[in-house]
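A look at the structure
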Amino acid sequence: MDRHACIAVLAAIVAAAPAVAADAIFANGFEPSRWVAGYYVGYERDLLPVDEIDFSAVTHLMVGRARPLAGGALATDFDIDAVQGPAWAHSAVDAAHAAGRRAILMVGGAGEIDGWRDAATPAHRSAFVANLLAAVDDYGFDGLDLDWEPLEPGDQTDFIALAQALRSARGGLLLTVPVGWINSNFDDTPDPFLAQIAPLFDRIDVMTYDMAGPWDGWQSWHDSALYGETDSTPSSVASSIAFHLASGVPASKLGVGTAFYGYCWQGVTGPHQDGGSVVADDGSMSYANIVTGYYSPSLRVWDAAARVPYLSSAAPIGDAGCTFLSYEDAQSIAEKGAYVRALGLGGTIIWTISQGHIPGLPPGQRDPLLDAVRAAFLE
């Protein structure tokens, strides 16, 4: 199926979905029991303009990113530049508030570990806290997302001290932290660190995506399987959440991860196969790119054990030449939402809302995954 045909099929599916009043989920004021925290990052600003964000499906906009620097300084170019980056971030915060939502500043992310480790030391922590709070006040953020990756055992003392300092300085500030998924073959002992940080944070969000790869002892597997972990595919949302619950994190504070991108494999045609390699993922394999350049109904397979879809083809498909493409769609998001509701969990984080935006669809139908998230988590 070519790109235009894919868009036409998707438009028909979306158009058939029932309309929802944008603010029905906030009828009783802004304290939703479940959060939908959508990451919105500067380097993807061209994928989703601020004025096209569908706030009816988002409770918190995670605006990223500021970067921790040596000495406790904070870079706020938002991966754009020193002028346009702050202007873009201000516009995102203003749009969130105009829609009655909260805006949280994402701090850090992949590749920023050296800055974290220096800025959070006792020598620089006070300056770092002051700079973080100054950014909160300057932009009007409602909270901070401390995206310290990787958060290793040697980092825990300084991380806890930083969170405590922020809580002490600004008690009403929203604080969130994304944490890693677990390998069920090894992570079988509860981690007391998680119980220790739970009182300091409003949400502890498990990044339940990027949960597969061509690693030693692994077979091909899904990016974000809900269930179905095995010895050779030892990851799932359910096993990671069970670990965090057993470690003492209250269910109401736990969020699961939802990926608006997929994993493109070559050398295998589905899960539970030996060999293969991942050749494209976050960014290039956005949901928008999948539906416009890879998707065909005849290639879609539903994994009833993992509760996720995938595309399977003996012949390479799309520009990346995928033979096994793991991704999320409305059906898997509905399954994930039902799981969150059943366990009384705190909601979901989305990486990233821009990757699900499809400009080729008619206005009002350009965010099918966000529509599915709203239905699954908020309605």
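Just above sits the structure.
A brief structural summary.

Rules used in this analysis
Residues numbered from 1 in each chain as written. Predicted model: local features only at pLDDT ≥ 70, side-chain atom pairs only at ≥ 80, totals over all residues. Heavy atoms only, no water. Pairing = 2+ DSSP bridges. Helix = DSSP H or I, 4+ residues; strand = E, 2+ residues; numbered from the N terminus. Axes fitted to C-alpha atoms, helices over the stretch in contact; angles between N-to-C directions. Parallel < 35°, antiparallel > 145°, perpendicular 65-115°, else oblique. Left-handed = near helix turned anticlockwise from the far one by under 90°. Contact = heavy atoms within 4.5 Å. Nonpolar A, V, L, I, M, F, W, Y, C, P; charged D, E, K, R; others polar. Disulfide = S-S within 2.5 Å. Buried < 20%, exposed > 50% of the residue type's maximum accessible area, 1.4 Å probe, protein only. Salt bridge = Lys/Arg side-chain N within 4 Å of Asp/Glu carboxyl O.

Describing the sheet that holds strand S9 (residues 263-266)
Strand order in the open sheet made by the five strands is S10-S9-S13-S12-S11, with antiparallel pairing throughout. Edge positions in the sheet fall to strand S10 (277-280) and strand S11 (300-303), since each of these pairs with one other strand and no more. Across the sheet, the mean angle from the axis of one strand to that of its neighbour is 35°, orientation sign disregarded. As defined by bridge partners, S11 adjoins strand S12 (residues 308-317) across four bridges and the pair is classed as antiparallel. If you follow valine 301 over to S12, its bridge partner there is tyrosine 310.

A look at the packing of helix H9 (residues 330-343) against helix H10 (residues 368-378)
The angle between the axes and the distance between the axes are what describe a pair of packed helices. Axis separation between H9 and H10 bottoms out at 8 Å; the angle between their running directions is 25°. For the element pair H9 / H10, the angle class is roughly parallel. With respect to the hand of their crossing, H9 and H10 are arranged in right-handed fashion. Between H9 and H10, the residues in contact are Ala330, Ile333, Ala334, Lys336, Gly337, Val340 and Arg341 and Leu369, Ala372, Val373, Ala375, Ala376, Phe377 and Leu378, respectively. Looking at side-chain class alone, the contact of H9 with H10 contains eleven nonpolar, one polar and two charged residues.

Quick word on unusual backbone geometry
That bond from glutamate 149 to proline 150 is cis: its omega, -10°, falls within 30 degrees of zero. With an omega of -20°, the peptide bond running from tryptophan 351 to threonine 352 counts as cis. Turning to its location among the elements, threonine 352 is positioned in the loop between strand S14 (347-351) and H10. Look at aspartate 210: it is not a glycine, yet its phi comes out positive at around 60°.

Some points on the state of the cysteines
If you walk through the whole model with that rule in mind, you get one disulfide. Disulfide pairing is shown between cysteine 264 and cysteine 322; the S-S distance is 2.1 Å. With the S-S dihedral at roughly -115°, the linkage between cysteine 264 and cysteine 322 falls on the left-handed side. Here cysteine 264, found in strand S9, pairs with cysteine 322, found in strand S13 (residues 322-326); they are 58 residues apart in sequence, far enough to count as distant. Just as cysteine 264 is buried, cysteine 322 falls in that class too.

With respect to the pattern of salt bridges
As enumerated under the stated definition, the model contains 15 salt bridges in all. Residues arginine 300 and aspartate 329 are paired through a salt bridge, measuring 2.8 Å at the closest nitrogen-oxygen approach. With a gap of 29 residues between them, arginine 300 in strand S11 and aspartate 329 in the loop between S13 and H9 connect regions that are remote in the sequence. According to the relative accessible area criterion, arginine 300 is partly exposed, its value standing at 26%. Two residues, glutamate 328 and lysine 336, come together in a salt bridge whose shortest N-O distance is 3.0 Å.

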